[in-house]
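Each chain, letter by letter, is given below.
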Amino acid sequence: MKVFESVEEWRKHRAGLPRNLSLGFVPTMGYLHEGHLSLVRAARQNNDRIAVSIYVNPTQFGPNEDLAQYPRDRNRDLALLEKENTDWVLLPSDAEIYPPGFSTYVEPPEPSRLWCGQSRPVHFRGVCTVVTILFNLVQPTRAYFGRKDAQQAAVIRRMTQDLRFPVEIVVCPTIREPDGLAMSSRNVYLSPEERQRALVLSQTLAAGVERFRAGEREARVILESGTRQIANTPGVRLDYLGIVDQNTFAPVETVQPGNYMIGAVYVGKTRLIDNRVFESPGGCV
Ligand code: PAF
């Protein structure tokens, strides 16, 4: 495994690779968990070589968000990636990604408008900008994202189509703790008591999917009972709960297979997101 801290060194290396080599890319902000490693394994299975980036991107954090506290553990991340037979790791500094004078940003596409886009106004602009920079540097064949960040995946898929990046976007299933909590680097912020309370999010989404399975089709009804469930949990504040089209992230009134139920909550100061897909009665979307 070779680690590149210099963008210039990486570019030289990339330029020397055979044109027909397939390259799987997993962009991350580090502090890796099983969710990230599942993406690395999926990339490993379908590509000749794999590259992982570790970069905590400052432009996707708002002024009062957790950029300074965001967990980092470079040595542990590198050891985990080594075990997964990663070929190349990009570990750029802020100055490498945003050199002095940097002033070009990508305007995020339509699926970014609501939900996380409303609660975190600069977030998707930062994500689209850094993913564009990384796609241009890495020139991957396929890029891998987790479905826990389903709105991000929809935004990146739309951007990739609109800007004609020759990259296949692969979205992999959410990896959960045994009790249902979606894995996230931010779970480390939770105290044991908060960790317990945080379960209400995955439980509310699972209950929504269950109501659909039992025959409920009105989004409003499912959302009302979900909102009540979260409001009744002390120490948890609802940011949003919605039922959306999986591509546009527009809210739907009548739930159909393939729609997502999405939610974000604050547990103490920690903001967590999660989602579930509504499946057709046979189990397939
Ligand atoms: O999902 C993440 O970890 C980040 O948003 C990403 C895609 C690596 C961009 O910084």
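Residues take numbers from 1 onward in each chain, read along the sequence in its written order. For a predicted model such as this one, the threshold for reporting local features is a pLDDT of at least 70, and the threshold for listing and counting side-chain atom pairs is 80 or more; totals across whole chains, interfaces and linings nevertheless cover every residue. The side-chain values count all of the structure's non-hydrogen atoms but skip hydrogen atoms and water molecules.

A. Main features of the site of the ligand. With respect to spatial proximity, the complete set of residues near the ligand consists of Pro-27, Thr-28, Met-29, Asn-57, Gln-60, Val-127, Val-130, Phe-145 and Gln-152. Here a polar contact is taken to be a pair of N or O atoms separated by no more than 3.5 Å, where protein atoms must pair a possible hydrogen donor with a possible acceptor and residues adjacent in sequence count only if both atoms sit in side chains. A distance of 2.6 Å is found between an oxygen atom of the ligand and a side-chain nitrogen or oxygen belonging to Gln-60. With respect to the ligand, the side chain of Gln-152 contributes an N or O atom lying 2.7 Å from an oxygen atom. Surface accessibility in these figures is a Shrake-Rupley result with a 1.4 Å probe; residues are shielded only by whichever protein chains are displayed. Alone, the ligand offers 290 Å² of accessible surface; in the complex the protein occludes 89% of this. The helix count covers DSSP runs of H or I at least four residues long, the strand count covers runs of E at least two residues long, and both are numbered beginning at the N terminus. Those elements that provide at least two residues to the shell around the ligand are strand S2 (23–28) and helix H6 (123–138). Ten residues, namely Ala, Val, Leu, Ile, Met, Phe, Trp, Tyr, Cys and Pro, are considered nonpolar, four, namely Asp, Glu, Lys and Arg, are considered charged, and the remaining ones, Gly among them, are considered polar. Of the residues in the shell around the ligand, the class split is five nonpolar, four polar and no charged. Consider each residue's heavy atoms; a residue with any of them within 4 Å of a molecule or strand counts as near.

B. Highlighting the nonpolar core. Ranked by internal contacts, the top residues of the largest apolar core, which has 45 residues, are Trp-10, Ala-51, Ile-97, Val-131, Phe-135 and Phe-249. Beyond its immediate sequence surroundings of up to four residues, Ala-51 is in contact with Trp-10, Leu-23, Gly-24, Phe-25, Val-26, Trp-88, Leu-90 and Val-138. Listed in part, the 23 residues of the second largest apolar core include Leu-190, Leu-205, Val-267 and Leu-272. To qualify as a nonpolar core, a set must consist of buried Ala, Val, Leu, Ile, Met, Phe, Trp, Tyr and Cys residues joined through side-chain atoms within 4.5 Å. Each residue's exposure class comes from its accessible area (1.4 Å probe, protein chains only) as a fraction of the maximum for that residue type: buried when under 20%, exposed when over 50%, partly exposed otherwise. Whether two residues are in contact is decided by their heavy atoms, any of which lying within 4.5 Å being enough.

C. Molecular detail of the sheet that holds S2. Pairing between strands is defined by DSSP: at least two bridges between the two strands are required. If you walk across this open sheet you meet the six strands as S1-S4-S3-S2-S5-S6, and the pairing is parallel. Edge positions in the sheet fall to strand S1 (2–4) and strand S6 (168–172), since each has one partner strand and no second. For this sheet, the mean inter-axis angle between neighbouring strands, taken without regard to orientation, is 25°. Where strand S3 (residues 49–54) meets strand S4 (residues 88–90), three bridges bridge the pair, whose relative direction is parallel. Across the sheet, Ser-53 pairs through a bridge with Leu-90, a residue of S4. Helix-sheet contacts for helix H3 (residues 74–83) involve S1, S3 and S4, and the interaxial angle to S3 is about 170°. Across the sheet, helix H7 (residues 150–162) lies against strand S5 (142–146) and S6, angled at about 170° from S6, the strand it touches most. Each axis is a line fitted through C-alpha atoms, taken for helices only over the stretch in contact, and angles between the N-to-C directions span 0 to 180 degrees.

D. Inspection of the packing of H6 against H7 at higher detail. Two elements in contact, H6 and H7, have axes whose closest approach is 11 Å; the angle formed by their N-to-C orientations is 55°. Judged by the inter-axis angle, H6 sits oblique to H7. Crossing handedness for the pair H6 and H7: right-handed. For the pair H6 and H7, contact is made by Phe-124, Val-127, Cys-128, Val-131, Thr-132 and Phe-135 and by Gln-151, Gln-152, Val-155, Ile-156, Met-159 and Thr-160, respectively. Classifying every residue of the contact of H6 with H7 by side-chain character gives eight nonpolar, four polar and no charged. The labels follow the angle: roughly parallel below 35 degrees, roughly antiparallel above 145, roughly perpendicular from 65 to 115, and oblique for the rest. A crossing counts as left-handed when the near helix is turned anticlockwise from the far one by less than a right angle, and as right-handed when that turn is clockwise.

E. Region of the structure containing the pattern of salt bridges. We define a salt bridge as a contact between a side-chain nitrogen of Lys or Arg and a carboxyl oxygen of Asp or Glu at a distance within 4 Å. One pass over the full model with this rule turns up 18 salt bridges. Residues participating in the shared-partner salt-bridge network are Glu-34, Arg-41 and Glu-84.

F. Quick peek at the packing of helix H9 (residues 199–213) against helix H10 (residues 219–231). Where H9 contacts H10, the axes come no closer than 10 Å and their chain directions differ by 155°. Relative to H10, the element H9 lies roughly antiparallel. Relative to H10, the crossing made by H9 is right-handed. Each of Val-200, Gln-203, Thr-204, Ala-207, Gly-208, Arg-211 and Phe-212 in H9 lies in contact with H10, whose residues at this interface are Val-221, Ile-222, Ser-225, Gly-226, Gln-229 and Ile-230. Its residues assigned to classes, the contact of H9 with H10 shows six nonpolar, six polar and one charged.

G. Layout of H3. When we look at burial in H3, the residues that qualify are Asp-77, Leu-78, Leu-80 and Leu-81. End-on view of H3: buried residues confined to an arc of 160°, all on one side of the axis. In H3, the exposed residues that point more than 90 degrees away from the buried face are Asn-75 and Lys-83. For this quantity, the arc is that covered by the directions from the helix axis to the C-beta atoms.

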